[in-house]
Protein chains: 2
Amino acid sequence: MTNFEFFNPTKIVFGTNTIAQLDQLVPANARVMVLLGGESARKNGTLAEVKAALGAREVHEFNGIEPNPSYETLMQAVEMIRAEKLDFLLAVGGGSVIDGTKFIAAAVPFVGEPWDILTHFGGNIQSALPFGTVLTLPATGSEMNHGAVITQKATQTKLPFMNPLVFPQFSILDPSKTFTLPERQIANGVVDAFVHTIEQYLTYPANGMVQDRYAEGLLQTLIEIGPKVLAKPQDYDLRANLMWAATQALNGLIGAGVPQDWSTHMIGHELTALFDIDHARTLAVVLPASLMLRSESKREKLLQYADRVWHLHHGSEDERIAAAIEKTRDFFEAMGIKTKLSDYDLGPAAIDAVIAQLAAHGMTQLGERQDVTLEISRDILTAAL
Amino acid sequence: MTNFEFFNPTKIVFGTNTIAQLDQLVPANARVMVLLGGESARKNGTLAEVKAALGAREVHEFNGIEPNPSYETLMQAVEMIRAEKLDFLLAVGGGSVIDGTKFIAAAVPFVGEPWDILTHFGGNIQSALPFGTVLTLPATGSEMNHGAVITQKATQTKLPFMNPLVFPQFSILDPSKTFTLPERQIANGVVDAFVHTIEQYLTYPANGMVQDRYAEGLLQTLIEIGPKVLAKPQDYDLRANLMWAATQALNGLIGAGVPQDWSTHMIGHELTALFDIDHARTLAVVLPASLMLRSESKREKLLQYADRVWHLHHGSEDERIAAAIEKTRDFFEAMGIKTKLSDYDLGPAAIDAVIAQLAAHGMTQLGERQDVTLEISRDILTAAL
């Protein structure tokens with residue numbers, strides 16, 4: 001196990017009828033900006049519930065943070081918050097709204113051009129507005145971590161940033177708020193949480209026994225509930241387990257003290273930025289091909305994954321590894337998510353474009369061993385055609 | 001899954017050579033009281049390392065916080081801290097020193113008789129001194145939670161208290177600091193962490209899938225490393241995994257949103273208070289008997305435990321349950337910890353004394369179903385003779 005720090009001060013309030021607790025969680029004199037994605041929170045009553053809980057506080061609304069939140073949109077909110085001198089942010093939505101809110105929280109007091117926050121990966125943040133979240137879409141884990149990914153539309157650039165100053169103060173997780181989500185978003189959420197876990201687990205052995213067991217527990221949970229959450233959209237316990245698994249998959253715990261990969265995400269980000277494919281779907285395309293291409297350098301953990309997660313105990317080592325990767329692909333397909341570039345009408349020209357973007361963004365040594373060169377990324381994408 | 005709150009702001013600094021980071025973690029102008037147990041931190045050089053890291057800060061020392069820290073001893077430290085107007089506490093030791101430090105942190109600013117903190121289970125704490133810890137003994141999880149257990153020697157009363165104000169600000173976990181621990185303390189630590197996990201896991205099904213998988217992961221880790229940490233006292237990775245598993249076993253995570261038992265602890269506390277038996281050893285005595293006596297009300301989870309933790313797949317349900325309980329007992333015995341009251345020279349008279357104390361402390365409805373009456377506690381202890 002390598003040395004690590006673990007720090008996560010976000011307060012989780014989990015369960016039914018918890019939105020009313022906003023009255024205790026948000027300062028009584030706060031001047032609040034509520035950040036929203038589309039119209040769903042208004043239509044399904046969540047926004048009304050939020051506003052009722054906020055009571056007499058001054059509440060403004062900013063609507064329209066898009067999936068893969070854009071710098072251009074977020075800067076509009078930054079200007080409004082600065083103009084109105086608002087002092088507390090409340091994200092009501094999924095990972096995109098929360099990621100966007102993190103950027104806004106850091107950008108409002110930022111001196112200079114806020115895009116620099118992203119080119120410095122958040123290292124230059126000196127302060128941030130306090131904020132909380134009401135999560136409506138389980139997937140990204142953004143509700144309990146200090147990272148975010150923002151896209152600049154003008155340049156089709158998607159960049160992550162992290163800073164402890166953008167931990168949410170609190171996050172309200174009410175699983176019943178996910179009942180009305182479209183099947184596509186739930187499927188994406190399951191796959192997103194699954195691949196987040198894989199990126200921190202399926203690397204090389206580092207003797208992080210608790211981390212491995214936790215990761216395997218999350219993967220097994222997602223496999224067990226995945227098809228059921230689609231089949232039974234009103235089942236509270238299924239949604240609750242999905243929501244908590246997705247939060248746990250990216251709150252820093254399973255990745256503490258062990259190597260991390262993230263190459264699937266970095267390649268996937270370019271596919272989203274260039275071709276507007278859902279984030280989770282890009283992961284489902286890249287991951288199986290990447291595991292296949294890199295099976296030698298991931299050999300020990302792939303065998304552990306085959307054994308403990310998929311209970312594959314027969315056949316040669318190579319056969320068990322191949323079977324585990326196939327089962328992973330089958331799981332994504334069973335969630336209704338296609339796993340080949342051609343399923344998204346992309347061919348070799350798309351690969352050239354992705355490689356060019358990876359090169360432009362300095363993504364030339366990806367993965368837990370920094371051995372995923374542009375050449376390897378090309379091989380992965382070619383295998384995913 | 002039931003509604004829950006999860007909040008844990010303690011910063012963990014984990015790994016070798018991390019004590020030097022005290023210089024960044026403790027405020028530069030702090031007037032520090034270092035709290036210690038016996039002489040081991042001085043003898044093995046940890047105290048010197050701590051003092052070197054604290055540099056020019058004013059540092060006082062209080063030595064002699066005993067196992068099962070006593071109110072009487074801790075109040076001596078409270079008086080010294082009040083007299084010297086010290087403003088930061090640093091616990092250097094195991095769970096007893098950390099528990100004691102939590103009480104001191106709350107007692108120093110407490111108005112009135114600090115014993116009232118315990119009779120109110122911590123609910124009456126209004127403020128507490130800030131403190132950090134340097135953990136030298138993996139076992140109790142106190143380094144990353146807001147609970148403590150304190151004993152009043154005068155009345156042989158052992159009571160717990162909890163309050164979010166007594167979360168450590170930080171805890172330094174350097175596994176190499178455990179190399180010099182006596183075998184007995186390591187064995188106790190393994191069993192303590194194991195039973196902490198069981199108290200939050202082996203109850204009745206509540207569909208907390210992530211919590212169950214995490215708990216099973218901790219139990220499997222402890223079973224896997226238990227005998228090895230005794231056999232290879234200088235193995236860093238084994239000690240690191242024990243340390244992290246013990247912290248995870250009681251930091252609030254695996255118990256969030258699921259029922260909890262704790263009857264083994266409550267009965268065990270009386271055994272320690274009356275007969276001065278090591279905390280972990282009382283748990284090893286009470287738990288197997290309790291599981292056997294209560295196997296009907298714990299049936300579903302006992303079967304899950306037999307399946308997922310011990311991989312017992314043959315025989316009838318009753319046989320698998322009995323085998324899982326026997327394997328639990330065997331594990332404790334393999335750690336060199338005896339599991340019968342008679343092993344500690346206690347007979348029926350001791351049971352009468354424990355029952356009288358449980359009655360005096362209002363412990364008449366213990367367990368996840370509040371169905372462990374004094375009569376059941378007596379049956380459990382009788383089965384443990």
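Residues numbered from 1 in each chain as written. Chains lettered and ligands numbered in written order. Predicted model: local features only at pLDDT ≥ 70, side-chain atom pairs only at ≥ 80, totals over all residues. Heavy atoms only, no water.

As recorded by an unreviewed UniProt entry, chain A carries the name Iron-containing alcohol dehydrogenase and is attributed to Deefgea piscis. Taken from UniProt, the Sequence similarities (unreviewed entry) comment for chain A reads in full: "Belongs to the iron-containing alcohol dehydrogenase family." (UniProt positions renumbered as here; feature names shortened; annotations may be inferred.)

Here we take up the overall build of chain A. Helix and strand counts for chain A come out as 15 helices and 8 strands. Taken over the C-alpha trace, chain A has a radius of gyration of 20 Å; the compact-globule value for 385 residues is 21 Å, and the two agree within 12%. Projected onto the principal axes, the alpha-carbon positions of chain A cover approximately 65 × 45 × 45 Å. Across the 385 residues in chain A, those meeting the buried criterion constitute 63%. Counted over contacts in chain A with a minimum sequence separation of 6, partners at least 24 positions apart contribute 78%. Summing over all exposed atoms, chain A offers an accessible surface of approximately 13,500 Å²; the carbon and sulfur share of this is 53%. Each charge sign in chain A was given a centre, from 30 positive and 44 negative side chains, and these centres are 4 Å apart. (Helix = DSSP H or I, 4+ residues; strand = E, 2+ residues; numbered from the N terminus. Rg over C-alpha atoms; globule rule 2.2 N^0.38 Å. Buried < 20%, exposed > 50% of the residue type's maximum accessible area, 1.4 Å probe, protein only. Contact = heavy atoms within 4.5 Å. Areas by Shrake-Rupley, 256 points an atom, 1.4 Å probe, with all protein chains shown as cover. Lys, Arg positive; Asp, Glu negative; His and termini not counted. Charge placed at Lys NZ, Arg CZ, Asp CG, Glu CD.)

Here the focus is the relation of the copies chain B and chain A. Mapping chain B onto chain A calls for a screw motion: a turn of 180° about the axis and a shift of 0.0 Å along it, with 0.0 Å RMSD after fitting. In the structure described here, the two chain copies are related by an operation that fits a two-fold rotation axis. For chain B, the smallest separation between a C-alpha atom and the rotation axis is recorded for B:P9, amounting to 2.1 Å. When the interface residues of chain B are mapped onto chain A, 100% of them again lie at the interface, so the same face is used by both copies. (Least-squares fit on C-alpha atoms with pLDDT ≥ 70 in both.)

Let us now look at the sheet that holds strand β8 (residues 170-173) of chain A. As summarised here, the arrangement of the 12 strands in space is β3(A)-β2(A)-β4(A)-β5(A)-β8(A)-β1(A)-β1(B)-β8(B)-β5(B)-β4(B)-β2(B)-β3(B), forming an open sheet in which the pairing is mixed. Each edge of the open sheet is held by one strand with a lone partner, namely β3 (58-62) of chain A together with β3 (58-62) of chain B. Strand after strand, the sheet turns through a mean of 25° between neighbouring axes, direction not considered. Looking at chain direction, strand β2 (residues 31-36) of chain B and β3(B) are connected through 5 bridges and run parallel. For B:L35, the partnering residue across the bridge sits in β3(B) and is B:F62. This element, helix α9 (residues 236-249) of chain A, spans β1 (4-14), β5 (131-135) and β8 of chain A together with β1 (4-14) of chain B of the sheet and lies at about 150° to β1(A). (Pairing = 2+ DSSP bridges. Axes fitted to C-alpha atoms, helices over the stretch in contact; angles between N-to-C directions.)

This part is about unusual backbone geometry. All names here are of chain B. Notably, D276 is not glycine yet its phi reads approximately 60°, a positive angle. Examined against the element boundaries, D276 turns out to sit in the loop between α10 (263-275) and α11 (279-293). Looking at D276, the relative accessible area reads 62%, which means it is exposed.

As a further point, take the nonpolar core. The nonpolar side chains of soluble globular proteins are, as a tendency, buried together. Grouped together as the largest cluster of nonpolar side chains are 235 residues, with contacts concentrated most on A:Y305 and B:Y305. Top element by residues in this core is helix α8 (residues 209-231) of chain A. It accounts for 11 residues. (Core = buried A, V, L, I, M, F, W, Y, C linked by side-chain atoms within 4.5 Å.)

Here we take up the interface of chain B and chain A. Counting residues at the interface gives 41 residues for chain B and 41 residues for chain A. Together chain B and chain A conceal approximately 3,700 Å² of surface at their shared face, both sides included; 55% is due to carbon and sulfur atoms. Counting every contact that joins chain B to chain A gives 4 salt bridges. A salt bridge links A:E5 to B:K11; its shortest N-O distance comes to 3.4 Å. (Buried area = accessible area lost by both parts, 1.4 Å probe. Salt bridge = Lys/Arg side-chain N within 4 Å of Asp/Glu carboxyl O.)

On to the UniProt feature "domain: Fe-containing alcohol dehydrogenase-like C-terminal" (unreviewed entry) in chain A, then. When the UniProt feature table is mapped onto this chain numbering, "domain: Fe-containing alcohol dehydrogenase-like C-terminal" (unreviewed entry) sits at residues 187-375 of chain A. Along residues 187-375 of chain A, the helical share is 65% and the strand share 0%, with 31 Å between the first and last C-alpha atoms.

Attention now moves to the environment of B:Y201. Residue and element names in this part refer to chain B. Counting through the fold element by element, Y201 comes out in helix α7 (residues 183-201). Measuring from C-alpha to C-alpha, the distance between Y201 and L287 comes to 13 Å, with 86 residues separating the pair along the chain. Not counting the four nearest positions on each side in its chain, Y201 is found in contact with D212, A215, E216, L219, K301, Q304, Y305 and V309.

To continue, consider the side chain of A:H196. Its place among the elements puts A:H196 in helix α7 (residues 183-201). Ignoring anything within four residues of it in the chain, the contact list for A:H196 reads A:A139, A:T140, A:A249, A:L250, A:W262, A:H265 and A:H279.

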